[in-house]
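Below, each chain spelled out in residue letters.
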Amino acid sequence: MSWISGPLVAFDLETTGTDIESDRIVTAAVVSVDADGRPPEPRTWLLDPGVSIPHQASAIHGISTEHARRHGVSAAPAIEEITSTVADVLNSGTPLVVMNARYDLSLLDRECRRHGIQPPAARLRAGASPVIDPLVLDKHVDRYRKGSRNLRALCEHYGVPLDDAHNAVADAVAAARAARSMGARHAVIGTLAPTELHDLQIRAAAEQAASLQRYLRRTSNPAATVEPAWPVVPYVR
């Protein structure tokens with residue numbers, strides 16, 4: 001059975017910003033998304049990140065510092081639960097869909113290290129199920145398409161509804177459905193075994209990073225470096 005016709009689990013974070021080394025998790029969702037149209041089954045978290053949430057971030061996901069402090073749970077136990085849930089999915093054999101996995105999974109890794117929690121990679125058994133990243137896959141199968149490749153753009157391109165963008169559950173479900181639609185449209189990825197798909201994304205992400213690096217060197221930011229590793233940016237002490 002192809003991965004596009006089987007169950008998927010999707011993971012999404014909303015955060016205080018875009019820096020994986022310093023920003024914090026505000027909300028998280030892990031959502032089971034079946035191919036038969038049954039309602040998704042979400043597990044969600046709202047955290048008090050322990051820092052102020054910048055207004056720019058609140059404007060995107062709708063969670064203010066005051067709301068997170070009043071209604072959110074302490075960061076450390078929530079991050080343990082999130083990490084344990086993500087690792088359980090990866091150890092279960094069910095693919096984990098993460099839009100721009102390099103960001104979400106790396107930030108989760110750094111949150112674990114910040115709170116003295118074992119990160120997801122250290123919890124995986126041999127033969128763990130793959131990560132599926134719609135961003136990396138879309139750039140691989142349709143590399144010359146112009147325009148944005150954010151989640152909303154991918155949903156529009158692949159005919160997937162996204163009615164509540166930047167809500168962690170809505171974004172996770174949309175990412176899973178976009179990945180499934182992408183695999184159905186592009187047999188070159190839709191027919192791959194899960195381990196082959198994961199390995200392809202490692203190579204594709206590295207190639208995409210090298211291409212971006214070459215572009216930056218030709219333009220206004222020749223000193224910029226682009227991380228080739230996927231799905232987690234290595235931690236450097």
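The sections below set out a description of the structure shown in this document. This is a predicted model, so every value here is computed, not measured.

### Re the environment of E41
- For E41, the position within the fold is in strand β3 (residues 41–48).
- Overall, E41 belongs to the exposed group, its relative accessible area being 53%.
- In the structure, E41 is positioned 132 residues away from V173 in sequence and 9.6 Å away in space, judged by C-alpha atoms.
- Residue contacts for E41: discarding those within four places in its chain leaves V30, V31 and S32.

### Quick notes on unusual backbone geometry
- Residue P231 follows W230 across a cis peptide bond; omega there is 5 degrees.
- Note that P231 resides in the segment after α9 (194–218).
- Positive phi, normally seen in glycine, also occurs at N100, with a value near 55 degrees.
- By secondary structure assignment, the location of N100 is in the loop between β5 (96–97) and α4 (101–114).

### Quick notes on helix α5 (residues 134–141)
- Buried residues dominate α5, accounting for six of its eight residues.
- If you check which residues of α5 are buried, you get P134, L135, V136, L137, D138 and V141.
- Looking at the packing, one finds that the buried side of α5 touches β5, β6 (131–132), α6 (151–158), α7 (168–185), α8 (187–190) and α9.
- Measuring from the backbone nitrogen of L135 back to the side-chain oxygen at the start of α5 gives 3.0 Å, which picks out D133 as the cap.

Calculation criteria
Residues numbered from 1 in each chain as written. Predicted model: local features only at pLDDT ≥ 70, side-chain atom pairs only at ≥ 80, totals over all residues. Heavy atoms only, no water. Helix = DSSP H or I, 4+ residues; strand = E, 2+ residues; numbered from the N terminus. Buried < 20%, exposed > 50% of the residue type's maximum accessible area, 1.4 Å probe, protein only. Contact = heavy atoms within 4.5 Å. Polar contact = N/O pair within 3.5 Å; in protein donor to acceptor, adjacent residues only side chain to side chain.

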